[in-house]
Amino acid sequence: MGRRRPGEGTIWKEIRPNGSIRFRMRTKLRLPDGTMEIVTASAKTQAEVRQKFEEKVQLARRGASNQSRLTLEERCEQWLEEKRFEVSAKTLDGYRKQFRNHVYPIFGRRIFTEISTPEFQSLLMGLRASGRMSTADRVRSLLKQMYSHAVRDGLITISPMSELKAQRKAKR
């Protein structure tokens, strides 16, 4: 078996904890504008995953899937648009306030796929050092949810927030 051609992808079988089986496919593509994009697909059968994968590769090559070039602020606002059907308006305003006050000033203009785990760790440690333990945990939770949705949507493969845990509160 030889080396795969660019865009051909790797396929593997994944057995989930509940016993169900999924097939996954992944590749890294160089787009016409010179940027790199990771394309992933998941399905119950190999035939389905290959079909989904081919569709996503074609979309990426045509430039329709330029979501990975979004800034963190743009991606958070997209995520908040999705959340508005799941939470109350007051909760949504609270989410926006957390992002506006603590995340956007530092990372808002950066490409959301290029921000690393240590950078987010630094943000959270700064909040905790200033005595805002609850705020740090709320910000961590919101970013974790947003990045989980980006993984689900196939924009990224691994969330930079997946390794960050909630801070234990001191016992009184």
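The model shown is predicted, which means the values in this text are computed figures rather than measured ones.

Calculation criteria
Residues numbered from 1 in each chain as written. Predicted model: local features only at pLDDT ≥ 70, side-chain atom pairs only at ≥ 80, totals over all residues. Heavy atoms only, no water. Helix = DSSP H or I, 4+ residues; strand = E, 2+ residues; numbered from the N terminus. 1 Å grid on protein atoms, 1.4 Å probe; cavity = no way out; pocket = protein on both sides within 12 Å on 5 of 7 lines; lining within 4 Å. Points joined across faces, edges and corners; volume = space filled by probe spheres on them. Nonpolar A, V, L, I, M, F, W, Y, C, P; charged D, E, K, R; others polar. Pairing = 2+ DSSP bridges. Axes fitted to C-alpha atoms, helices over the stretch in contact; angles between N-to-C directions. Buried < 20%, exposed > 50% of the residue type's maximum accessible area, 1.4 Å probe, protein only. Lys, Arg positive; Asp, Glu negative; His and termini not counted. Salt bridge = Lys/Arg side-chain N within 4 Å of Asp/Glu carboxyl O. Polar contact = N/O pair within 3.5 Å; in protein donor to acceptor, adjacent residues only side chain to side chain. Contact = heavy atoms within 4.5 Å. Core = buried A, V, L, I, M, F, W, Y, C linked by side-chain atoms within 4.5 Å. Parallel < 35°, antiparallel > 145°, perpendicular 65-115°, else oblique. Phe/Tyr/Trp six-rings, centres within 6.5 Å; stacked < 30°, edge-to-face > 60°.

Peer 1: Could you give an account of the environment of Leu29, naming the residues involved and the relevant values?
Peer 2: Relative to the helices and strands, Leu29 resides in strand β2 (residues 21-30). C-alpha separation for the pair Leu29 and Gly9, spaced 20 residues apart in sequence, amounts to 9.3 Å.

Peer 1: With reference to specific residues and values, describe the layout of surface pockets.
Peer 2: Here the second largest pocket is characterised by a volume of approximately 240 Å³. Forming the boundary of the second largest pocket are 13 residues, of which Arg24, Thr40, Ala41, Ser42 and Val151 lie nearest the centre. Where the lining of the second largest pocket is concerned, the elements lending two or more residues are β2, β3 (36-43) and α5 (133-152). Taken together, the residues of the lining of the second largest pocket break down into five nonpolar, four polar and four charged.

Peer 1: Residues and numbers for the sheet that holds strand β1 (residues 10-15), please.
Peer 2: One open sheet accounts for three strands, arranged β1-β2-β3; its pairing is antiparallel. Edge positions in the sheet fall to β1 and β3, since each has one partner strand and no second. On average, each strand axis in the sheet is tilted by 25 degrees relative to the strand beside it, whichever way the strands run. Pairing between β2 and β3: eight bridges, direction antiparallel. Note on β3: the bridge partner recorded for Lys28 is Ile38.

Peer 1: A description of the side chain of Arg22 should follow, citing residues and the corresponding values.
Peer 2: Summarising the element assignment, Arg22 is placed in strand β2. One buried charged side chain, Arg22, makes no salt bridge at all; its nearest oppositely charged neighbour is Glu14, positioned 6.1 Å away. Within the structure, Arg22 has its side chain in polar contact with the side chain of Ser42 (distance 3.2 Å). In this structure Arg22 touches Trp12, Lys13, Glu14, Arg16, Ser42, Ala43 and Lys44, once residues within four positions along its chain are discounted.

Peer 1: Kindly report on the nonpolar core, identifying the contributing residues and their values.
Peer 2: The nonpolar side chains of a soluble globular protein tend to be buried with one another. Counting 28 residues, the largest nonpolar core has Leu72, Phe99, Phe112, Phe120, Leu143 and Tyr147 as its most contacted members. Only α2 (72-83), α3 (89-107), α4 (117-129) and α5 provide two or more residues apiece to this core. Here this core takes seven residues from α5, the largest share from any one element. Counting 10 residues, the second largest nonpolar core, distinct from the first, contains Phe23, Leu29, Phe53 and Val57.

Peer 1: Describe the packing of α2 against α5, and please don't skip the residues or the numbers.
Peer 2: One can describe the packing of α2 onto α5 by two numbers: an axis separation of 10 Å at closest approach and a directional angle of 85 degrees. With respect to α5, the axis of α2 lies roughly perpendicular. Contact residues: α2 offers Leu72, Arg75, Cys76, Trp79, Glu82 and Lys83, while α5 offers Leu142, Gln145, Met146, Tyr147, His149, Ala150 and Arg152.

Peer 1: Tell me about the pattern of salt bridges, residues and numbers included.
Peer 2: In total, this model carries nine salt bridges according to the counting rule given. For Glu14, the salt bridge identified is with Arg16, shortest N-O distance 3.7 Å. Overall, Glu14 belongs to the partly exposed group, its relative accessible area being 25%. Classification of Arg16 by relative accessible area gives partly exposed; the value is 34%. Across the pair Arg84 and Glu81 runs a salt bridge, and its minimum N-O distance is 2.9 Å. The class for Glu81 is partly exposed, based on a relative accessible area of 39%.

Peer 1: Can you tell me about the packing of aromatic side chains, naming the residues and giving the values?
Peer 2: Counted by the stated rule, this structure contains six aromatic pairs. With a centroid separation of 6.0 Å and an interplanar angle of 20 degrees, the aromatic rings of Trp79 and Tyr95 are classed as stacked. With a gap of 16 residues between them, Trp79 in helix α2 and Tyr95 in helix α3 connect regions that are remote in the sequence. This pair shows no difference in class: Trp79 is buried, exactly as Tyr95 is. Relative to Tyr104, the ring of Phe99 lies with its centre 5.8 Å away and its plane at 10 degrees, an arrangement referred to as stacked. Assigned by exposure class, Phe99 and Tyr104 land together as buried. Within the aromatic cluster, the residues linked to one another by ring pairs are Trp79, Tyr95, Phe99 and Tyr104.

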